[in-house]
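Residue-level structure breakdown
For reference, the chains in residue letters:
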Amino acid sequence: MSRPRPRPRAPKGPTRLVALNKPMNVLSQFTDDGHWPGLKRFVDLPGLYPAGRLDRDSEGLLLLTNDGILQARITDPKDKMPKTYAVQVEGAITEDALQALRDGVTLNDGPTRPAEARTIPEPDWLWPRDPPVRFRKSVPDGWIELTITEGRNRQIRRMCAHVGLPVLRLVRRRIGRYEIGPLAPGEWRDLTP
């Protein structure tokens, strides 16, 4: 018999919400794992926890908070908080592929909710990636803006692969009303919760 999950708790002091631009190859946890660095190398603020996660090989907006109730509201799929990504994909982006993403695709763990999907030019706000994305002269690539309201493991990568567009770079730009703004990789700023 499984034990019930503890109820999220409000912080003892004021609620704090922090936006971090998580760099490539950094874990969405504060401690290093012996191979990859954790968030503590960039944000050394006690009492904060990630509100959600961003894969090690993904970049961009990660929210941190000391408020368990706010953390649950940001991460609970029932709340359907939209998350928007700039996604560089390999291959020619077709309207059929975009429509499949908009309709929702069926992955090995079930169907996804419909997504908002559109082609975009390479974002001018984007920083250079370290290491750089591989470039192949013979294979086209392009950019999609994708907004989803759930957060399964490696969901965007799996959705794009399902429609024949392997992901080369994945950058989260927005969670709900919170945007990454001008933060460089590794930089953070306080937000109004």
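None of the values given here were measured: they were computed from a predicted structure.

**So, the overall build of the protein**
Scanning the protein for helices and strands turns up three helices and eleven strands. If you list the helices and strands of the protein from N to C, you get β-β-β-α-β-α-β-β-β-β-α-β-β-β. Dimensions of the protein along its principal axes, counting C-alpha atoms only, are 55 × 40 × 30 Å. Here the protein holds 193 residues, and the buried ones make up 46% of them.

**A closer look at the layout of surface pockets**
Put simply, the largest pocket is a space of about 360 Å³. Along the wall of the largest pocket there are 19 residues; nearest its centre are Arg53, Tyr85, Gly151, Arg152 and Arg172. Elements with a minimum of two residues in the lining of the largest pocket: β4 (83–90), α3 (155–162) and β9 (167–175). Considered class by class, the residues forming the lining of the largest pocket number six nonpolar, five polar and eight charged.

**Brief notes about the side chain of Asn21**
Summarising the element assignment, Asn21 is placed in strand β1 (residues 17–22). Asn21 gets classed as buried once you look at its relative accessible area, which sits at 0%. Polar contacts involving the side chain of Asn21 include one to the main-chain carbonyl oxygen of Leu183, which spans 2.9 Å. When near neighbours in sequence (up to four residues on either side) are disregarded, Asn21 contacts Gly60, Trp127, Ile180, Leu183, Ala184, Pro185, Gly186 and Glu187.

Rules behind the numbers
Residues numbered from 1 in each chain as written. Predicted model: local features only at pLDDT ≥ 70, side-chain atom pairs only at ≥ 80, totals over all residues. Heavy atoms only, no water. Helix = DSSP H or I, 4+ residues; strand = E, 2+ residues; numbered from the N terminus. Buried < 20%, exposed > 50% of the residue type's maximum accessible area, 1.4 Å probe, protein only. 1 Å grid on protein atoms, 1.4 Å probe; cavity = no way out; pocket = protein on both sides within 12 Å on 5 of 7 lines; lining within 4 Å. Points joined across faces, edges and corners; volume = space filled by probe spheres on them. Nonpolar A, V, L, I, M, F, W, Y, C, P; charged D, E, K, R; others polar. Polar contact = N/O pair within 3.5 Å; in protein donor to acceptor, adjacent residues only side chain to side chain. Contact = heavy atoms within 4.5 Å.

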